[in-house]
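The lines below spell out each chain.
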Amino acid sequence: MDTRLAELLQLLDLERLEMNLFRGVSHDIGVPQVFGGQVLGQALVAASRTVENRLVHSLHAYFLRRGDFNAPIVYQVERSRDGGSFTSRRVVAIQHGQPILTMSSSFHAPEPGSEHQSAMPDVPAPETLADVGELTADLLERVPEKVRRFFEHQRPFEFRHVRPPDYRKPEKREPVKHVWFRVVDRLPDDQALHRCLLAYVSDYHLLDTANLPHGQPWFELQMASIDHALWFHRELRVDEWLLYSIDSPSRSSARGFARGSIFARDGTLVASVAQEGLIRERPGGWQGTRPPGAAS
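Figured I'd write up the structure that's included with this text. (Residues numbered from 1 in each chain as written. Predicted model: local features only at pLDDT ≥ 70, side-chain atom pairs only at ≥ 80, totals over all residues. Heavy atoms only, no water.)

1. Thoughts on the side chain of His 178
Mapping His 178 onto the fold places it in strand β8 (residues 176-183). The exposure class assigned to His 178 is buried, which follows from its relative accessible area of 19%. Within polar-contact distance, the side chain of His 178 engages the side chain of Ser 245 at 3.1 Å. Leaving out residues up to four positions away in the same chain, His 178 has contacts with Pro 121, Val 123, Arg 160, His 161, Val 162, Leu 243, Tyr 244 and Ser 245. (Helix = DSSP H or I, 4+ residues; strand = E, 2+ residues; numbered from the N terminus. Buried < 20%, exposed > 50% of the residue type's maximum accessible area, 1.4 Å probe, protein only. Polar contact = N/O pair within 3.5 Å; in protein donor to acceptor, adjacent residues only side chain to side chain. Contact = heavy atoms within 4.5 Å.)

Printed below as a string of structure tokens:
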């Protein structure tokens, strides 16, 4: 298995301390705080390990404080309800004695029923697009040194933008973005794992969509996720190409709102996402700013 993916799977393999208590470590991805998607993914792993024979279908989380990647994170699971059809869990991520994230999640066994879904946008195939890692050679020479670490980080996911951004001198455009993504290697047939990995990666690319109409370089802003909601509609695989179709209906009061639909390559809608985040205009204020996808 690719080393980057193996490290991510190890990151999500929490240590069980007690029946409802787990501990995880963090990776530095080149930003001042723990990546929000990591805390979200680990929280879902903790909740999932207290549930049998049911898969998560939704989660709602609040990011309360920055995570420190130099210290472990403890995940405390509350078994809120084990019903006939649904199971509910609440997770608190704790670091230095304080909660840094709270998450509620619901689990359900698949059952038959009528179906409909939105149509996938008509976009170019991922093979026709460049990986984001191939787009940054010139960028690295033009961004502040503190920002460079984020772009140089080797990620376990491929990202291919339908319309590649110019991070240094962004143009003002409509708040819509389409990004193909997948992990860099094959994964086991474990639907719970695929959903935890989707929770991890779903924090990428959302909040910066709310900045597209304003044309501001993200490293001149203070940006941080406030909350995150994710709904799983159908089975999915994150080791096959998925399309993240994102739009931002609103930005006001120093907050941006974005929502996303995630489609399998065959057009199946597998998940929906929504997020609100802080966006403060502080020119030159990289410290404390989150690059696209690096929530606090």
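2. Notes on helix α1 (residues 3-12)
Along an α-helix, a turn takes 3.6 residues, which lines up residues three or four apart on a common side. Residues of α1 that are buried include every one of Leu 5, Leu 8, Leu 9, Leu 11 and Leu 12, and no others. All buried residues of α1 project into a common sector of 155 degrees when viewed along the axis, lining one side. Among the exposed residues of α1, those oriented more than 90 degrees off its buried face are Thr 3 and Gln 10. Check the buried side of α1 and you find it contacts α2 (36-48), β7 (157-161), β8 and α5 (191-201). (Arc of directions from axis to C-beta.)

3. A closer look at the packing of α1 against α5
One can describe the packing of α1 onto α5 by two numbers: an axis separation of 12 Å at closest approach and a directional angle of 100 degrees. Taken together, α1 and α5 sit at an angle that is classed as roughly perpendicular. Of α5, the residues touching α1 (which contributes Leu 8, Leu 9 and Leu 12) are Leu 193, Leu 197 and Tyr 200. Considering only residue class, the contact of α1 with α5 consists of six nonpolar, no polar and no charged. (Axes fitted to C-alpha atoms, helices over the stretch in contact; angles between N-to-C directions. Parallel < 35°, antiparallel > 145°, perpendicular 65-115°, else oblique. Nonpolar A, V, L, I, M, F, W, Y, C, P; charged D, E, K, R; others polar.)

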